[in-house]
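Tertiary structure, described
Spelled out, the chains give:
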Amino acid sequence: MNMSLTQQKQVYDILSPEALLNPYPLYNQLRLQEPVYFYEPGGFWFLSRYQDVESALLDPRLSSDKAVLYKSQLGNLDINLIKNYIQLTNNWIVDLDPPKHTRMRKLAFSGFTVSALENWRSIIQETTDSLLDKVQHFGGMDIVADLSSQLPSIIIAKIFGVAEEDRLNFTEWGTDIATFWGSPSGIDIEEAARKADIGAMCFTELIKRIMSERRLNRGTDMISLLMTAYEENEMDLDEIPGLCVLILNAGHVTTIDLIPNGVNALLNHPSQLLQLKEKPELINFAIEEMIRFDAPVPVLFRTAASDLIIGNTLIKAGSVVALGTGSANHDPEKFESPEVFDITRNSTEHFGFGKGIHFCLGAVLARMELTICFDTLLKRMPNISFDPDRPAVPKRKSFSFNGFESLDVKF
Ligand code: HEM
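The structure reproduced in this document is the subject of the present report. (Residues numbered from 1 in each chain as written. Predicted model: local features only at pLDDT ≥ 70, side-chain atom pairs only at ≥ 80, totals over all residues. Heavy atoms only, no water.)

1. Digging into the site of the ligand
Near the ligand you find 25 residues, and of these His101, Arg105, Arg302, His358 and Cys360 are the closest. Between isoleucine 93 and the ligand, the recorded distance is 3.4 Å, taken from a backbone N or O atom to an oxygen atom. Separating an oxygen atom of the ligand from a side-chain N or O atom of histidine 101 is a distance of 2.7 Å. Among the residues making up the shell around the ligand, the classes are represented as 15 nonpolar, eight polar and two charged. (Near = heavy atom within 4 Å. Polar contact = N/O pair within 3.5 Å; in protein donor to acceptor, adjacent residues only side chain to side chain. Nonpolar A, V, L, I, M, F, W, Y, C, P; charged D, E, K, R; others polar.)

2. Here we look at the packing of helix α8 (residues 114–136) against helix α19 (residues 363–380)
Think of two packed helices as two axes; the pair is described by the angle between the axes and how far apart they sit. Taken N-terminus to C-terminus, the directions of α8 and α19 make an angle of 35°; their axes are 10 Å apart at the nearest point. Note on packing geometry: the crossing formed by α8 with α19 is right-handed. Here Leu117, Trp120, Arg121, Ile124, Gln125, Thr128, Asp129, Leu132, Asp133 and Gln136 of α8 come into contact with α19, specifically with Val364, Leu365, Met368, Glu369, Ile372, Cys373, Thr376, Leu377 and Arg380. Residues that form the contact of α8 with α19 fall into these classes: 10 nonpolar, four polar and five charged. (Axes fitted to C-alpha atoms, helices over the stretch in contact; angles between N-to-C directions. Helix = DSSP H or I, 4+ residues; strand = E, 2+ residues; numbered from the N terminus. Left-handed = near helix turned anticlockwise from the far one by under 90°. Contact = heavy atoms within 4.5 Å.)

3. Let's talk about the coordination of the iron atom of the ligand
The protein gives the iron atom of the ligand a lone donor atom, Cys360 (SG), placed 2.3 Å from the metal. Among the structural elements, cysteine 360 can be located in the loop between α18 (325–328) and α19. (Donors = N, O, S within 2.8 Å, 3.2 Å for Na, K, Ca; no water.)

4. Description of the state of the cysteines
The tally for this structure, following the rule as stated, stands at zero disulfides. Free of any disulfide, cysteine 202 has its nearest cysteine sulfur in cysteine 244, 17 Å distant. On the basis of relative accessibility, which here comes to 22%, the residue cysteine 202 falls in the partly exposed class. Considering cysteine sulfurs only, cysteine 360 is the nearest to cysteine 244, which forms no disulfide, with 16 Å between them. For cysteine 244, a relative accessible area of 0% gives the class buried. (Disulfide = S-S within 2.5 Å. Buried < 20%, exposed > 50% of the residue type's maximum accessible area, 1.4 Å probe, protein only.)

What follows is the structure in structure tokens.
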């Protein structure tokens, strides 16, 4: 046998269109053959085992600062192309390390008070019902266009006290920002960077405008709560636009995908759908299983702040490391028969909301939204099924987000 052939390293093309469409077979291979894998075309390491991903999520030597990643995404393009984006993400807790992360996250919690939580429940129920009212008589809908692309953004806009016309703008800006943040694949990177930068500038201006209104007229919305918390702690209010844009954005770009992913999983597993309809009390387990089975955020990026060893592999300081949370959620060492969608499984140890200091700040809100949304959907449309004339179109432009462009159903 030709030595050069035997020595050739196998390439696992994790950014290929096929892998973005269905990464699970590749994840299975990687976990067995190269759990700590350097993906040369992307210039980053990829971790696929539950244990390694968990250790990495808890390792302070892996920084959340993504400057290196953003630069490598740009390739030869000038960094100034994303100057507004960089300025904004400087105050994104998801991109920060302690001590700034700890301080800002503590302040961000002031927006998530117990009384706020109770108000959210009725906002979510009313919004879900009004969206379903609009389509009920049609006997069918696109889960993405008619429900998931609207529900989380309407809810988060109400929580922030953002007007309807501004909501329509921020969802577009937010999507552009998230596309670049999510390590885009197969799209024009210069255009993605430009759009993200414009989105960052416009979104920042919007929050600044709302903040100047709230200076005169403080309310109970999240922007008011954050402004009050910042003033009481004598902190710089200039951090608030970055914090708000992150919460607003994280509050809808993820749930947009989880709803169709969950509907898709249920419709592909009729026995599970039937079981949930017969035993609605399983809803909380079902939601966790939806997140484990097909996570909307299947990869999280970190940068090595110093040399470190993962498995038996040396990762040099400055390297970008992709934590395969979606792969970890399918690791048979952790989850029995991980390829089986089982709504009775107690799968709360999935990494769908991350783990450690960056654990999803909005997990309580997300779980409340998803529970109410699926509960209401199945009660109001118990005969829900795929629309055979309109096949679902998966969304696969980004490595870090996993969802659908459209998912048509009949009921
Ligand atoms: C299904 C819905 C959701 C999913 C799957 C999700 C997923 C995640 C994940 C995986 C992280 C960890 C990021 C990391 O470690 O780098 C995260 C962080 C975060 N999430 Fe969520 N999220 C969801 C909904 C929400 C909602 C509704 C909000 C807010 C209203 C929110 C706000 C945040 C924030 C602010 C962070 C950053 C926390 C930090 O860095 O300390 N998320 N989310």
